[in-house]
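The lines below spell out each chain.
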Amino acid sequence: MHIESILAHAGCDPDQDQDDATPPIHLTTTFRRDSQGNWPSGHKYARISNPTRARLERVLTDLEPASQALAFSSGMAAAAALLQSLDAGATVMLARDVYFGVRVLASDMAERGHIQLHTFDAHLGLQSGDMAALAAAHLVWIETPSNPLLQITDIEGLANACHTHNPDARLVVDGTWTTPFIQQPLSLGADVVFHSLTKYMAGHSDVLGGALLFRREDDLYARVRRTQETGGAVLDPFSCWLTLRGLRTLAVRLRVQQESALAVARFLEGHARVVRVHYPGLTSHPGHEVAAHQMRGYGAMCSFQTGRSGAETLALVGRAQVFIQATSLGGTESLIEHRRSAEGEASHTPEDLVRLSMGLEHIDDLVRDLARMLNY
Ligand SMILES: Cc1ncc(COP(=O)(O)O)c(C=O)c1O
């Protein structure tokens, strides 16, 4: 079945004994045992599993496709569970340009001696200085397009290199910016896909959630599942239901959002007051061909550099009228953000960089808003 059809019916398979056409929400935290002490429903207690969460996890495995999915209380809870499930001192290779929160989490864990951290420029491919870390690596963690520089990494090439040099290394791809509609890393050889459901998947800036999808039901999956069961960072039933509802319109939202991102990137590329545009849909982007091969479209995120100071760039962003000045991404409303000041002192982001998340407004209104901000 095409992914559009899976999305349109997300979670709508019939309940055991009801004829609901759309999914119910199961709020119960505990489940009856029968006279023999068994749990006929297959569920015991909501921290371990819940029918609404199981419904969402089933849909996520169909979309990727994956063999197993776990839904967490936020994207960062999913990232933390994955890192916590490693043995003490395990080696993690982390791409330099990834979501700021993941970088902070991994460096905090490294500082406390929980993991050994090696950072690398994933979009440039593995260099000789990376090979010793790869030989010892348990996880290799990338994001493509990356946040906020939209660097493109060849997932298939990196997966082959990782598995050839170290059969125990697991390649993790943050798929938040692409969703399975645009990119399916497991089919390109990755082992785990990490999603913040908060963004495009739920899609309306009103759910905080995360997920991990596994190519195989292996030891890593068993460890992460145990970390989640014992730690309890599960997605609540209402957020699962809202995410299922959001997923049903993911394909149509992303089609419009990607189209707008390309139009905005082309407008910015031709603007005299913009010194650099980061969008893989532009033929001038160094990762354009790899993106064309591994993505369906080029995503709905874009960033650009103004060549001005941080204060001037922040002032420019403050003049937005249609774009909302806020962090996050993936909602129906377009967002504009000065990333450096949002990330704070530990930021590596250029001070003149502006990040855009495209929403569903008319493209003319978005371009007019950007033109007014830049021409002020
Ligand atoms: C690419 C990416 N990954 C992970 C996360 C973390 O997700 P959450 O905010 O749901 O914890 C974010 C949040 O902004 C993100 O943009």
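Definitions and limits used
- Residues numbered from 1 in each chain as written.
- Predicted model: local features only at pLDDT ≥ 70, side-chain atom pairs only at ≥ 80, totals over all residues.
- Heavy atoms only, no water.
- Helix = DSSP H or I, 4+ residues; strand = E, 2+ residues; numbered from the N terminus.
- Contact = heavy atoms within 4.5 Å.
- Buried < 20%, exposed > 50% of the residue type's maximum accessible area, 1.4 Å probe, protein only.
- Polar contact = N/O pair within 3.5 Å; in protein donor to acceptor, adjacent residues only side chain to side chain.
- Expected span 1.5 Å × (residues − 1).
- Near = heavy atom within 4 Å.
- Areas by Shrake-Rupley, 256 points an atom, 1.4 Å probe, with all protein chains shown as cover.
- Nonpolar A, V, L, I, M, F, W, Y, C, P; charged D, E, K, R; others polar.
- Salt bridge = Lys/Arg side-chain N within 4 Å of Asp/Glu carboxyl O.
- Phe/Tyr/Trp six-rings, centres within 6.5 Å; stacked < 30°, edge-to-face > 60°.
- Domains from an automatic or database assignment.
- Buried area = accessible area lost by both parts, 1.4 Å probe.
- Axes fitted to C-alpha atoms, helices over the stretch in contact; angles between N-to-C directions.
- Parallel < 35°, antiparallel > 145°, perpendicular 65-115°, else oblique.
- Left-handed = near helix turned anticlockwise from the far one by under 90°.
- Pairing = 2+ DSSP bridges.

1. Digging into the environment of Leu268
Piece 1. Within the secondary structure, Leu268 is located in helix H10 (residues 250-269).
Piece 2. Setting aside residues up to four positions removed in sequence, Leu268 forms contacts with Val274, Val277, Cys302, Phe304, Leu356 and Leu374.

2. Points about the side chain of Thr176
Piece 1. Relative to the assigned elements, Thr176 resides in the loop between strand S5 (170-174) and helix H7 (179-182).
Piece 2. Among the residues examined, Thr176 registers a relative accessible area of 6% and is labelled buried.
Piece 3. Here Ser196 takes part through its backbone nitrogen, which lies 2.8 Å from a polar atom of the side chain of Thr176.
Piece 4. Not counting the four nearest positions on each side in its chain, Thr176 is found in contact with Phe194, His195, Ser196, Lys199 and Tyr200.

3. Comments concerning helix H2 (residues 51-63)
Piece 1. Here H2 is 13 residues long and its end C-alpha atoms lie 18 Å apart, about the 18 Å a rise of 1.5 Å per residue gives.
Piece 2. A large share of H2 lies buried, amounting to 10 of its 13 residues.
Piece 3. For H2, the set of buried residues is Pro51, Thr52, Arg53, Arg55, Leu56, Glu57, Val59, Leu60, Thr61 and Leu63.
Piece 4. Where H2 is buried, its residues contact helix H1 (3-8), strand S1 (68-72), H7, strand S7 (210-214) and helix H9 (237-247).
Piece 5. Where H2 begins, the capping side chain belongs to Asn50, and its oxygen is found 2.7 Å from the backbone nitrogen of Thr52.

4. Focus on the site of the ligand
Piece 1. Within the structure, the ligand sits among 16 residues, and Met76, Asp174, Ser196, Thr198 and Lys199 are positioned closest to it.
Piece 2. With respect to the ligand, the backbone of Met76 contributes an N or O atom lying 2.8 Å from an oxygen atom.
Piece 3. For the ligand, an oxygen atom lies 2.6 Å from a polar atom in the side chain of Thr198.
Piece 4. For the ligand, whose unbound accessible area comes to 390 Å², protein coverage reaches 92%.
Piece 5. At the level of elements, helix H3 (75-84) and strand S6 (192-196) are the ones that each hand at least two residues to the shell around the ligand.
Piece 6. Per-class residue counts for the shell around the ligand are 6 nonpolar, 7 polar and 3 charged.

5. Some details on the pattern of salt bridges
Piece 1. Within the structure shown, the criterion is met by 17 salt bridges.
Piece 2. Across the pair Asp13 and Arg58 runs a salt bridge, and its minimum N-O distance is 3.1 Å. Within this pair, whereas Asp13 is found in the loop between H1 and H2, its partner Arg58 is found in helix H2, the two being separated by 45 residues in sequence.
Piece 3. With a closest N to O distance of 3.3 Å, Arg355 and Glu337 form a salt bridge. Placement of the pair is Arg355 in strand S12 (residues 353-357) and Glu337 in strand S11 (residues 335-338), with a sequence separation of 18 residues. Here the two residues Arg355 and Glu337 agree in accessibility, since each one is buried.
Piece 4. Within this structure, Glu337, Arg339, Glu343 and Arg355 form a network of salt bridges that share partners.

6. Overview of the packing of aromatic side chains
Piece 1. Tallied over the entire structure, the rule returns 3 aromatic pairs.
Piece 2. Residues Phe238 and Trp241 carry aromatic rings whose centres are separated by 6.0 Å and whose planes lie at 10 degrees to one another, so their mutual orientation is stacked. Note that Phe238 and Trp241 are positioned in helix H9 at a spacing of 3 residues, about one turn of the helix.
Piece 3. A relative accessible area of 43% places Phe238 in the partly exposed class.

7. Looking at the domain arrangement of the protein
Piece 1. Entries for the protein in the domain assignment read domain 1 (3-247) and domain 2 (250-375).
Piece 2. The partner domain 2 presents 39 residues to the 33 residues of domain 1 that form the contact.
Piece 3. Of the roughly 3000 Å² buried where domain 1 meets domain 2, counting both sides, 60% is carbon and sulfur surface.
Piece 4. Remark: the boundary between domain 1 and domain 2 carries 2 salt bridges.
Piece 5. With a shortest N-O distance of 2.5 Å, Arg296 and Glu4 are connected by a salt bridge.
Piece 6. For the side of domain 1 that touches domain 2, the secondary structure elements donating two or more residues are H1, helix H4 (100-111), helix H6 (155-165), H7 and H9.
Piece 7. Per-class residue counts for the side of domain 1 that touches domain 2 are 18 nonpolar, 10 polar and 5 charged.

8. Some remarks on the packing of H3 against helix H8 (residues 219-231)
Piece 1. Relative orientation of the contacting elements H3 and H8 amounts to 120 degrees, with a least axis distance of 8 Å. In terms of axis orientation, H3 runs oblique to H8. The element H3 and its partner H8 pack so that their crossing is right-handed. Contacts from Ala81, Leu82 and Gln84 in H3 reach Leu220, Val224 and Thr227 in H8.
Piece 2. The residue inventory of the contact of H3 with H8, partitioned by class, reads 4 nonpolar, 2 polar and no charged.

9. A word on the sheet that holds strand S10 (residues 324-325)
Piece 1. Read from one edge of the open sheet, 5 strands run S8-S9-S12-S11-S10, paired in mixed fashion. What marks the edges here is a single partner per strand, and that holds for strand S8 (276-278) and S10.
Piece 2. When strand S9 (residues 301-305) meets S12, the two strands line up antiparallel, connected through 5 bridges. Bridge pairing links Ser303 to Arg355 in S12.

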